[in-house]
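Chain by chain, the residues:
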Amino acid sequence: MIYNIRGKLTCIDPQFVVVECSGVGFKCFTSLNTAGSVGKVGNEVNLFTYLSVREDAMDLYGFSTQTELDYFKLLITVSGVGPKAAIAVLSELSPDRLAVAIAAGDSKAITRANGVGKKTAERIVLELKDKMVNASTGEISAAAASAVSAGETSASAEAVEALVALGYSQSDAAVVVGQMDKSLTVDEMIRLGLKQLSRNL
């Protein structure tokens, strides 16, 4: 298994980048998030990698952060989700936003990924709820998993995302919002969340 590749960036494409190491160019399929973060051709880059081996091909996937690679590997454990679908999801949602969507049960956000339908998005939420990874620590987050079990709505997902943007951890925000009445508006959830989270500091 190739753990990472460090070298000169020689090509950037919406679907892949090429990193030259010791005269050999490695084609790495990657997300739009990574493609947009590696900078310009000629830069030295370091990509964390995953080698997909099939009967007819060996494809290398590269990511600018270990966290994005971890989420990629989580996604491909879902039945019916291959590397290309996982890349599509990570091109639409950053790891943090994907974590929020899964914690909040917001499969609709995942369907915005190219080629990912409603049933596939629902499977992602269902199968990953017990494997929820805290994006900030890389560890299994029991708090995030319990938030998924609470069955949060899209309004809840927006509230969680807003609290994360205000500096609170995804796990803490998801748990607090998960305990709220789902009939509340997003603004009401945010206000109550801020009140509760400030008490926990």
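Just above sits the structure.
Remember, predicted model here, so these are calculated numbers, not experimental data.

**Digging into helix H6 (residues 118–128)**
Move 1: Residues of H6 that are buried include every one of Thr120, Ala121, Ile124, Val125 and Leu128, and no others. Buried positions in H6, seen along its axis, are confined to an arc of 140° and lie on one side of it. Away from its buried face, by an angle of more than 90 degrees, H6 presents the exposed residues Lys118, Lys119 and Leu126.
Move 2: Here the buried face of H6 lies against helix H2 (66–75), helix H3 (83–92), helix H4 (95–103) and helix H5 (107–110).

**Things to note about the pairing of strand S3 (residues 24–29)**
Move 1: Of the pairings in the sheet, the one linking strand S2 (residues 16–21) to S3 comprises six bridges and is antiparallel in character. The partner of valine 17 across the bridge, within S3, is cysteine 28.
Move 2: Between S2 and S3, which pair antiparallel in sequence order, lie two residues; one of them, serine 22, sits at a positive phi of approximately 55°.
Move 3: Bridge count between S3 and strand S5 (residues 58–63): two bridges; the pairing is parallel. When the bridges of S5 are listed, cysteine 28 appears paired with leucine 60.

**Quick notes on unusual backbone geometry**
Move 1: The backbone of serine 22 sits at a positive phi, close to 55°, despite the residue not being glycine.
Move 2: With respect to the element layout, serine 22 can be found in the loop between S2 and S3.
Move 3: A residue is classified by how much of its surface remains accessible, and serine 22, at 82% relative accessible area, is exposed.

**Points about the environment of arginine 123**
Move 1: On the secondary structure map, arginine 123 appears in helix H6.
Move 2: Separated by 44 residues in the primary sequence, arginine 123 and serine 79 have C-alpha atoms spaced 7.6 Å apart.
Move 3: Not counting residues up to four positions away in its chain, the partners in contact with arginine 123 are Val78, Ser79, Gly80 and Leu128.

**Quick notes on the sheet that holds S3**
Move 1: Read around the closed barrel, five strands run S1-S2-S3-S5-S4, paired in mixed fashion. Neighbour to neighbour, the strand axes of the sheet diverge by 55° on average, direction disregarded.
Move 2: In the sheet, strand S4 (residues 44–53) pairs with S5 via six bridges, with the strands oriented antiparallel. Paired with serine 52 across the bridge in S5 is aspartate 59.
Move 3: Its contacts with the sheet put H2 on S4 and S5, and the angle it makes with S4 is roughly 15°.

**So, the packing of aromatic side chains**
Move 1: By the definition in use, this model includes six aromatic pairs.
Move 2: Measuring from centroid to centroid gives 6.4 Å for phenylalanine 16 and phenylalanine 29, while their planes differ by 75°, and the two rings are edge-to-face. One end of the pair, phenylalanine 16, is in strand S2; the other, phenylalanine 29, is in strand S3, and 13 residues separate them in sequence.
Move 3: When its relative accessible area of 17% is taken as the criterion, phenylalanine 16 is described as buried.
Move 4: A ring pair is formed by tyrosine 50 and phenylalanine 72, whose centres lie 5.4 Å apart and whose planes are at 65°; its orientation type is edge-to-face. Of this pair, tyrosine 50 sits in strand S4 while phenylalanine 72 sits in helix H2, placing them 22 residues apart in sequence.
Move 5: With relative accessibility at 21%, the residue tyrosine 50 sits in the partly exposed group.

**Side note on the state of the cysteines**
Move 1: A full pass over the atoms with the stated rule returns zero disulfides.
Move 2: No disulfide involves cysteine 21; its nearest neighbouring cysteine sulfur is the one of cysteine 28, lying 8.1 Å away.
Move 3: Residue cysteine 28 is classed as buried on the basis of its relative accessible area, which comes to 0%.

Rules of the game
Residues numbered from 1 in each chain as written. Predicted model: local features only at pLDDT ≥ 70, side-chain atom pairs only at ≥ 80, totals over all residues. Heavy atoms only, no water. Buried < 20%, exposed > 50% of the residue type's maximum accessible area, 1.4 Å probe, protein only. Helix = DSSP H or I, 4+ residues; strand = E, 2+ residues; numbered from the N terminus. Arc of directions from axis to C-beta. Contact = heavy atoms within 4.5 Å. Pairing = 2+ DSSP bridges. Axes fitted to C-alpha atoms, helices over the stretch in contact; angles between N-to-C directions. Phe/Tyr/Trp six-rings, centres within 6.5 Å; stacked < 30°, edge-to-face > 60°. Disulfide = S-S within 2.5 Å.

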